[in-house]
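# Close look at the chain arrangement
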Amino acid sequence: MKLYENIKLRRKELNLSQGELAKLTGYTDRTSISKIESGKVDLPQSKIRIFAEALHTTEGELMGTTEPPLPSDAISYAPTQRIPILGRISAGLPLYAEEQIEGYTYTDLNHGGEYFALRVHGDSMDALGIKEGYLVIVRRQDYVDNGTICVVLVGDNEATMKRFYQDGDTVTLMPQSTNPNHMPQIYNLKHTPIHIIGKVVKVEFTLD
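About the criteria used
Residues numbered from 1 in each chain as written. Predicted model: local features only at pLDDT ≥ 70, side-chain atom pairs only at ≥ 80, totals over all residues. Heavy atoms only, no water. Helix = DSSP H or I, 4+ residues; strand = E, 2+ residues; numbered from the N terminus. Buried < 20%, exposed > 50% of the residue type's maximum accessible area, 1.4 Å probe, protein only. Lys, Arg positive; Asp, Glu negative; His and termini not counted. Salt bridge = Lys/Arg side-chain N within 4 Å of Asp/Glu carboxyl O. Polar contact = N/O pair within 3.5 Å; in protein donor to acceptor, adjacent residues only side chain to side chain. Contact = heavy atoms within 4.5 Å. Pairing = 2+ DSSP bridges. Arc of directions from axis to C-beta. 1 Å grid on protein atoms, 1.4 Å probe; cavity = no way out; pocket = protein on both sides within 12 Å on 5 of 7 lines; lining within 4 Å. Points joined across faces, edges and corners; volume = space filled by probe spheres on them. Nonpolar A, V, L, I, M, F, W, Y, C, P; charged D, E, K, R; others polar.

### Points about the side chain of Arg163
- Mapped onto the secondary structure, Arg163 falls in strand β6 (residues 159–167).
- As a buried residue without a salt bridge, Arg163 has its nearest oppositely charged side chain in Glu53, at a separation of 5.1 Å.
- Here Glu53 takes part through its backbone oxygen, which lies 2.7 Å from a polar atom of the side chain of Arg163.
- The residues touching Arg163, leaving out its near neighbours within four places in the chain, are Glu53, His56, Met125, Leu128, Gly147, Thr148, Ile149, Thr172, Leu173, Met174 and Gln176.

Rendered as structure tokens:
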């Protein structure tokens, strides 16, 4: 399949409209996406990367040059590592405080890291298929690259999961939602502390 066909297919898999994809990729309206999906517009490599991030996939997958990969920081093995399921993460408590743990699950991820599962609340990332009640597997780390989906603690509030961008002292937490009420959250680090808790490395599509 050609690039534009893969973009259209992946957009529909995520239940995104052409207008929603336009907003995520920096275009002004759905007409541009329609032209791209019909093959009338060639995309430069920089734009392919933006589309891959917006569609929660890789450039290789969109271009049809690779098989769908496992997460780059994941190694598959027998799922014997037990990790806690956290209902919520709040300021002022240890990450694995008893009142935050609602159970345990097992992961097949292992890369010398520390992992935990987090129960998803709300629909701020549902455009990526990360829906209410699902589990995300998070690797603890205090730094991520721009564009990474991660769990962050904003000030003294509960943690939130968003796509992370930082430019100097300005941090933008970007939702990926079909709900127009979710807007980008922009913070000045001089006024609001932002602490990265971990990187989302896997989504468990389960309500159990």
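### A short note on the pairing of strand β9 (residues 194–204)
- In terms of strand pairing, strand β4 (residues 135–140) meets β9 through 6 bridges, oriented antiparallel. Within β9, the residue paired with Val138 across the bridge is Val200.
- In the sheet, strand β5 (residues 148–154) pairs with β9 via 5 bridges, with the strands oriented antiparallel. What sits directly across from Val152, in β9, is Ile196.

### Considerations on helix α2 (residues 18–25)
- Listed in full, the buried residues belonging to α2 are Gln18, Leu21, Ala22 and Thr25. Down the axis of α2, the buried set is contained in an arc of 105°. They therefore lie on one face.

### Concerning the side chain of Gln18
- As for its position among the elements, Gln18 is in helix α2.
- A relative accessible area of 14% places Gln18 in the buried class.
- Excluding residues within four positions of it along the chain, Gln18 makes contact with Arg11, Arg30, Ile33, Ser34 and Glu37.

### Observations regarding the layout of surface pockets
- In this structure, the second largest pocket spans a volume of roughly 480 Å³.
- Glu20, Lys23, Leu24, Met174 and Pro175 are the residues nearest the centre of the second largest pocket, which is lined by 20 residues in total.
- Only α2, α4 (45–54) and β6 provide two or more residues apiece to the lining of the second largest pocket.
- Here the lining of the second largest pocket is built from residues that sort into 11 nonpolar, 5 polar and 4 charged.

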